[in-house]
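Remarks on the overall topology
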Amino acid sequence: MAKVKVRPFDSLIIVDMQNDFMPGGALPVPKGDEIVNVINEYISIFSKSNAFIVATRDWHPPNHVSFNTVGGPWPPHCIQGTWGAEFHPSLALPANALIVSKATRPDKEAYSGFEDTDLNMALRRRGVKRLFICGVATDYCVKATALDGIRLGFQVFLLIDAVKGVNIPPGSEERAVDEMLDEGAVIVSINELSI
Ligand code: VGL
Ligand code: ZN
């Protein structure tokens, strides 16, 4: 039974659904590709409800501080302009979606879609009150974006059937969900939403 009606002042935030985070990519999130279809269903619902659709992307320079080639924790991934940084080819982003690029500076890591971006301003301008967050990785960029959204005063819904974690270290996905719940996020899945 639907419990949440999607309204124009809602925003769907699709986090980092890029080739490098999919199986076969440089920093694969296990089964990351398996949420593309349900994300497309969410896109359809939010489009029909005239809600604001946002896609964040990790958008690193080739020498980014997070890369293990320069002492960081991750293999090089999502380098600006490369195939790995492109969105999954089946992701059905509408033409009017807002694309938010993050972690674009060589010397600074940014997991959250709000960090050093115009996302908060763009949401305010549209009068957005509620964020519905999906994508990868649950334990890094999804979590950081959700927690920042809560701190900034948005009501945050975690689309639990449309997120996947990288689970580095093991168990981090489950801990991330607990942390989001502790901070006030609400967990919903597709059959709880209506147009
Ligand atoms: C991410 C690790 C490094 C993410 C980005 O999108 O969750 N994780 N860069
Ligand atoms: Zn990254």
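First things first, this report covers the structure right here in the doc. (Residues numbered from 1 in each chain as written. Chains lettered and ligands numbered in written order. Predicted model: local features only at pLDDT ≥ 70, side-chain atom pairs only at ≥ 80, totals over all residues. Heavy atoms only, no water.)

Concerning a negative patch on the surface
A cluster of acidic residues, Glu174, Asp178, Asp182 and Glu183, forms a negative patch on the protein surface. Position of Glu174 relative to the elements: it lies in helix H4 (residues 172-182). Since its relative accessible area comes to 60%, Glu174 is described here as exposed. (Patch = residues over 30% accessible without salt bridge, like charges linked within 9 Å, V, L, I, M, F, W, Y side chains within 5 Å. Areas by Shrake-Rupley, 256 points an atom, 1.4 Å probe, with all protein chains shown as cover. Salt bridge = Lys/Arg side-chain N within 4 Å of Asp/Glu carboxyl O. Lys, Arg positive; Asp, Glu negative; His and termini not counted. Charge placed at Lys NZ, Arg CZ, Asp CG, Glu CD. Helix = DSSP H or I, 4+ residues; strand = E, 2+ residues; numbered from the N terminus. Buried < 20%, exposed > 50% of the residue type's maximum accessible area, 1.4 Å probe, protein only.)

What about the pairing of strand S6 (residues 155-164)?
Bridge count between strand S5 (residues 130-136) and S6: six bridges; the pairing is parallel. Note on S6: the bridge partner recorded for Phe132 is Phe157. Between the parallel pair S5 and S6, the chain is carried across by helix H3 (residues 138-151), and the sense of this crossover is right-handed. Chirality of the crossover, the property in question, places the unit of S6, H4 and strand S7 (residues 186-188) among those that are right-handed. (Pairing = 2+ DSSP bridges. Right-handed = clockwise from strand over helix to strand, strands pointing away.)

A look at the packing of H3 against H4
Contact pair H3 / H4: the axes reach a minimum separation of 10 Å and the direction vectors enclose 5°. By the angle class used here, H3 and H4 are roughly parallel. Facing Thr138, Asp139, Val142, Lys143, Ala146, Leu147 and Ile150 of H3, the residues of H4 in contact are Ser172, Glu173, Ala176, Val177, Glu179 and Met180. Its residues placed into classes, the contact of H3 with H4 shows seven nonpolar, two polar and four charged. (Axes fitted to C-alpha atoms, helices over the stretch in contact; angles between N-to-C directions. Parallel < 35°, antiparallel > 145°, perpendicular 65-115°, else oblique. Contact = heavy atoms within 4.5 Å. Nonpolar A, V, L, I, M, F, W, Y, C, P; charged D, E, K, R; others polar.)

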